[in-house]
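# Descriptive analysis of the structure
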Amino acid sequence: MQPVKLTDEATRKEISQRYLGKGNFPYLNYATVEDFCDSADHLPQICYLDGDLKNVQRPWALKAILAKVPPGGKLLEIGGGVPLVACLLNELGYEVTIVDPYEGAGNGPTEYQNYRRQFPNVNLVKDLFGVNLQGFEPGYFDCIYSISVLEHIPLEGIKDVFAGVRKFLRSGGYSIHCLDNVIQGEGGQFHEEVVKLVLQEQKQLINPHASLEDDYEKLLFQLKEDIETYYLSALGHHQWRCGAAYKDFPFRKVVSIQTCVAFSGD
């Protein structure tokens, strides 16, 4: 099995010129068709045309990191799955660690050994991310990020994840996450609870005393009124249900919620 290589020198230069240090990535946002089309045009290595929400989330996370963290930065991806974003970031000059138990939860990956062979320059740590992660000093990472992972963690586990973020993210470093958010249909109530909890934890990385107020409700209103909002497609849903009967896995309206904050260190 040959190592994966996603770019050549010319492509890396083009990506850096287009995205490095550029773009507006507020505390709270959602995926748009415009952003997806930009990614399809300029990041085809990680933006496919026949998949689920990850095809808009992978490029968004990469762009957010390039905008906020200079090359050479130390990055940690929580629950990396197929480590395409980590691989591309590594090729762009970042030190990237993925922490993932590779146990298959939430249709997640199990191919740990194959990924080690395919992506030898990405540090793969077979573990759950949290305060007990071994091998890294507190404040080691310049950015901790996740892509369609946190919504698969039980509510009681979200606080454990963010306790790990507070321990291993340096002061001034970035916490960047995108989550699938069911806004109508089966699973909607759970997703709302997860997203609200994640956003609360994100806000408290900025200010330990911050409250969520009605940020989530305002965002929902905005995205429902916005013609640019990117929704999970029927094709994406078909792949997402992984062979389950439709009656057991009916369609639902899903968007990507995206959040980027700098850790105050408090």
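Provided above is the structure to which this section pertains.
Notes on the structure follow. On a predicted model such as this, the values are computed, not experimentally measured, just so you know.

### Quick word on the pattern of salt bridges
Scanning all chains against the criterion turns up 13 salt bridges. Here Glu186 makes a salt bridge to Arg252, at a shortest N to O gap of 3.8 Å. On the criterion of sequence distance, the pair formed by Glu186 in the loop between β6 (169–184) and α7 (188–206) and Arg252 in the loop between α9 (234–240) and β7 (253–262) is long-range, its members being 66 residues apart. On the basis of relative accessible area, Glu186 is assigned to the partly exposed category, the value being 48%. One salt-bridge network, held together by shared partners, links Arg18, Asp35, Asp38 and Lys63.

### As for the packing of aromatic side chains
The final tally for this structure, using the stated rule, is ten aromatic pairs. Taking the centre distance of 5.1 Å and the plane angle of 50 degrees together, the rings of Phe136 and Phe141 count as tilted. Phe141 gets classed as buried once you look at its relative accessible area, which sits at 0%. An aromatic cluster is present here, built from Tyr102, Tyr112, Tyr115 and Phe119 joined pairwise through their rings. One residue, Lys74, lies across the ring of Tyr140, its end atom 5.5 Å from the ring centre. A cation over a ring is seen here: Arg252 above Phe249, with NZ or CZ 4.6 Å from the ring centre.

### Structural notes on the sheet that holds strand β1 (residues 29–30)
Across the sheet, seven strands lie side by side as β1-β7-β6-β5-β2-β3-β4; this open sheet has mixed pairing. A single partner strand is all that each edge strand has here, and the edge strands are β1 and β4 (123–125). Of the pairings in the sheet, the one linking β6 to β7 comprises ten bridges and is antiparallel in character. Opposite Leu179, over in β7, you have Ile257 as the bridge partner. Running over the sheet, helix α3 (residues 54–68) touches β2 (74–78), β5 (141–147), β6 and β7 and is turned about 160 degrees from β6. The strands that helix α8 (residues 215–225) touches are β1, β6 and β7; relative to β6, the one it contacts most, it runs at about 55 degrees.

Rules used in this analysis
- Residues numbered from 1 in each chain as written.
- Predicted model: local features only at pLDDT ≥ 70, side-chain atom pairs only at ≥ 80, totals over all residues.
- Heavy atoms only, no water.
- Salt bridge = Lys/Arg side-chain N within 4 Å of Asp/Glu carboxyl O.
- Helix = DSSP H or I, 4+ residues; strand = E, 2+ residues; numbered from the N terminus.
- Buried < 20%, exposed > 50% of the residue type's maximum accessible area, 1.4 Å probe, protein only.
- Phe/Tyr/Trp six-rings, centres within 6.5 Å; stacked < 30°, edge-to-face > 60°.
- Lys NZ or Arg CZ within 6 Å of the ring centre and 35° of its normal.
- Pairing = 2+ DSSP bridges.
- Contact = heavy atoms within 4.5 Å.
- Axes fitted to C-alpha atoms, helices over the stretch in contact; angles between N-to-C directions.

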